[in-house]
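# Topology and contacts: notes
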Amino acid sequence: MKAAVISAPGVVGIETVDDPTPGPRDVVVQVSACGLCGTDLHILQGEFAPTLPIVPGHEFAGEVVAVGAQVRELSPGDRVAVDPSLYCHECHYCRLGRGNLCERWAAIGVTVPGGAAEFAVAPAANCVKLPDHVRTEDAALIEPLSCAVRGYDVLRSQLATSVLIYGSGTMGLMMMELAKRTGAATVDIVDINPDRLATARSLGCSNAATSADEIEQARGWDVVIDATGNEKAIQDAIGRVGKGGTYLQFGVADYAARATIEPYRIYNQEITITGSMAVLHSYERAAQLFAGGVLDPQVFISDRLPLVDYAAALQQFQQGKGRKILVVP
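In this report, we go over the structure that sits alongside the text. Residue numbers here run from 1 along each chain, matching the order of that chain's written sequence. Whole-chain, interface and lining totals are the exception, using all residues; otherwise, since this is a predicted model, local features are given only for residues with pLDDT of at least 70 and side-chain atom pairs are given and counted only at 80 or more. Side-chain measures here rest on the full set of heavy atoms in the structure, leaving out hydrogens and waters.

## Digging into the layout of surface pockets
Here the second largest pocket is characterised by a volume of approximately 320 Å³. Throughout, the protein atoms alone are placed on a 1 Å grid, and a set of points is a cavity if a 1.4 Å probe fits but cannot get out or a pocket if it is open with protein on both sides within 12 Å along at least five of seven lines; lining residues have an atom within 4 Å of a point. Every residue lining the second largest pocket is counted, 18 residues in all, and those nearest its centre are D83, S85, Y87, H89 and H281. A helix here means a DSSP run of H or I that spans at least four residues, while a strand means a run of E at least two residues long, and both kinds are numbered starting from the N terminus. Residue assignment for the lining of the second largest pocket shows that the elements contributing at least two residues are β6 (85-86) and α8 (283-291). Gly is placed with the polar residues, together with every amino acid not listed as nonpolar (Ala, Val, Leu, Ile, Met, Phe, Trp, Tyr, Cys and Pro) or charged (Asp, Glu, Lys and Arg). Looking at the lining of the second largest pocket residue by residue, the classes come out as eight nonpolar, seven polar and three charged. Grid points are joined across faces, edges and corners, and a volume is the space filled by probe spheres set on the points.

See below:
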């Protein structure tokens, strides 16, 4: 089969690899669409994936074409979205129910071959069947949405909060949509990309600006979310949190990124600084939200490119062009 392969830091191409075969509790999925994510850029840089080469792609959906000998709940022809998380279920954090912090954390498309290919293997337990009205080629959005749901689990948002989000790419817009549905009084967006700000406005944010200085908020925001991973944005965002507020590091920053905090301010104003790591007990809920129409795929998906153009798709994503970019085998 054909697959995108990151063979070394900065090196990606399309290769012919062996067709996958399912283990006893696995299924083989014929991939309908695979989304690109900031994590893929980190893998390309030589971060995250423990070893290269790797077939990337942790946001994907498709049709089951083969099942392992012990699989009873899925059959060939079932359309599924796939949770990429692979936990050991044995370590300290897994036993606490914190699998996303697993000491042997692994994921499809990060540590084992992923969905940027014609076919991919996944545990049957990681597959969620799609209802008839959900298009398989749109359902790659469920995985990033499940990360956003996890982010809001961490925030434990109260009603009538003021929310400021840095970044109006796919993840920032998803966080905005969830903020609106969890009772935020206002949801403001900061980005330097005018096209992305226009999308945020079309989806109904309270304010969209290139700097938080342009938005009137005398006391700071109750909740500030970074969805960029950009060091400068992170530094600015931390300073925008109001008294008693919460800062969520949601965007994936480079390993070397650094930000300065003011310990006395954090103490004196009871500011919470927290993070959200991937998916945790949130994939099925994200699938339900997606089926219920929480996102409009026509808005969120800006590009559908053939798998053979995977390298170009990564480059476009890195340049900040478009919103969610999908590759289609």
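## Focus: the side chain of S282
Here S282 shows up in the loop between β15 (272-275) and α8. Between buried and exposed lies partly exposed: a residue is buried under 20% and exposed over 50% of the maximum accessible area for its type, with that area taken using a 1.4 Å probe on protein chains only. For S282, a relative accessible area of 0% corresponds to the buried category. Counting of polar contacts relies on pairs of N or O atoms within 3.5 Å, with two restrictions inside protein: one atom must be capable of donating a hydrogen and the other of accepting it, and residues adjacent in sequence are counted only when both atoms are side-chain atoms. Here the side chain of S282 touches S146 through a polar contact of 2.8 Å, landing on its backbone oxygen. Every residue in contact with S282, bar those within four places of it in the chain, is listed here: S146, V149 and R150. Contacts between residues were defined by any pair of non-hydrogen atoms, one from each residue, lying within 4.5 Å.

## What about the environment of Y283?
In this structure, Y283 sits in helix α8. Distance in space between the C-alpha atoms of Y283 and P263 is 35 Å, their sequence separation being 20 residues. Contacts of Y283, omitting those with residues within four sequence positions, involve A81, V82, D83, P84, V128, I142, E143 and S146. Only 3.0 Å separates the side chain of Y283 from the backbone nitrogen of V82, close enough to count as a polar contact.

## Describing the sheet that holds strand β12 (residues 207-209)
The sheet built from six strands is open, its strands ordered β12-β11-β10-β13-β14-β15 with parallel pairing. The open sheet has two free edges, formed respectively by β12 and β15, since each of these has just one partner strand. On average, each strand axis in the sheet is tilted by 15° relative to the strand beside it, whichever way the strands run. The pairing of strand β11 (residues 186-190) with β12 spans three bridges and is classified as parallel. By the bridge assignment for β12, D188 is matched with N207. Between N-to-C directions, angles span 0 to 180 degrees; the directions come from axes that are lines fitted to C-alpha atoms, helices contributing only their stretch in contact. With respect to the sheet, helix α3 (residues 142-155) is in contact with β10 (162-166), β13 (221-226), β14 (241-249) and β15, its orientation differing from that of β14 by roughly 150°. In this analysis, strands are considered paired if DSSP registers two or more bridges between them.

## Looking at the environment of L74
Note on placement: L74 falls in the loop between β4 (59-67) and β5 (79-82). Sequence-distant contacts of L74, that is, excluding residues within four places in its chain, are made with V27, V67, V80, A124, C127 and K129.

## So, the pairing of strand β3 (residues 26-35)
Of all ten residues making up β3, seven are buried, and the element is well covered by its neighbours. Across five bridges, the pairing between β3 and strand β8 (residues 119-123) is antiparallel. Residue pairing across strands places V27 opposite A122, the latter belonging to β8. Judged from the eight bridges that link them, β3 and β4 form a sheet pairing that is antiparallel. Each bridged residue has a counterpart across the sheet, and for G35 the counterpart in β4 is E59. By the bridge criterion, two bridges tie β3 to strand β17 (residues 324-328) in an arrangement that is antiparallel. Its bridge partner lying in β17, G35 is registered against L326.

## A word on the pattern of salt bridges
Should a side-chain nitrogen of Lys or Arg be within 4 Å of a carboxyl oxygen of Asp or Glu, the pair is scored as a salt bridge. Applying the stated criterion across every chain, the model contains twelve salt bridges. Of the charged contacts in the structure, one is a salt bridge between R285 and D153, with a shortest N-O distance of 2.6 Å. You can see R285 sitting in helix α8 and its partner D153 sitting in helix α3, a full 132 residues away along the chain.

## Some details on helix α5 (residues 194-202)
Within the sequence span of α5, burial applies to R196, L197, T199 and A200. Projected onto a plane normal to the axis of α5, the buried residues spread over an arc of 155° and lie on a single side. Summarising the geometry of α5, the exposed residues directed more than 90 degrees from the buried face are P194, D195 and S202. Buried-residue contacts for α5 involve α4 (170-181), β11, β12 and α9 (297-300). The N-cap residue of α5 is N193: its side-chain oxygen and the backbone nitrogen of D195 are 3.0 Å apart. Positive backbone phi, at 95°, marks G204, one or two positions downstream of α5. Taken from the helix axis, the directions to the C-beta atoms give the arc we talk about.

## Some details on the packing of aromatic side chains
A pair of Phe, Tyr and Trp rings is counted when the ring centres sit within 6.5 Å of each other, with Trp represented by its six-membered ring. The angle between the planes then sorts it: under 30 degrees is stacked, over 60 is edge-to-face, the rest tilted. Scanning all chains against the criterion turns up two aromatic pairs. Between F48 and Y255, the aromatic rings sit 5.8 Å apart at their centres with planes inclined by 40°, giving tilted as the arrangement. Of the two residues, F48 sits in the loop between α1 (38-44) and β4 while Y255 sits in the loop between β14 and α7 (263-268), which places them 207 residues apart along the sequence.

## Here we look at a nonpolar patch on the surface
A surface patch of nonpolar side chains, about 350 Å² in accessible area, is lined by Y93, L96, L101 and M277. With respect to the element layout, M277 can be found in the loop between β15 and α8. Taking the relative accessible area as the measure of exposure, M277 reaches 35% and is therefore partly exposed. Only residues whose relative accessible area exceeds 30% and that form no salt bridge are eligible for patches; like-charged ones are grouped when within 9 Å, while nonpolar side chains (Val, Leu, Ile, Met, Phe, Trp, Tyr) are grouped when within 5 Å. Computed by Shrake-Rupley with a 1.4 Å probe, the accessible areas treat only the displayed protein chains as cover when residues are assessed.

## Quick word on the nonpolar core
Buried Ala, Val, Leu, Ile, Met, Phe, Trp, Tyr and Cys residues that are joined via side-chain atoms within 4.5 Å together make up what is termed a nonpolar core. By size, the foremost hydrophobic cluster in this structure holds 48 residues, and its most contacted members are I142, L145, V163, I165, I225 and F250. Those elements that provide at least two residues to this core are α3, β10, α4, β11, α5, β13 and α8. If we ignore the near neighbours within four places in the chain, the residues touching I165 are G172, M175, M176, V187, D188, I189, V190, I225 and A227. Counting residues in hydrophobic clusters, the runner-up holds 33 residues, among them V64, A122, A313 and F317.

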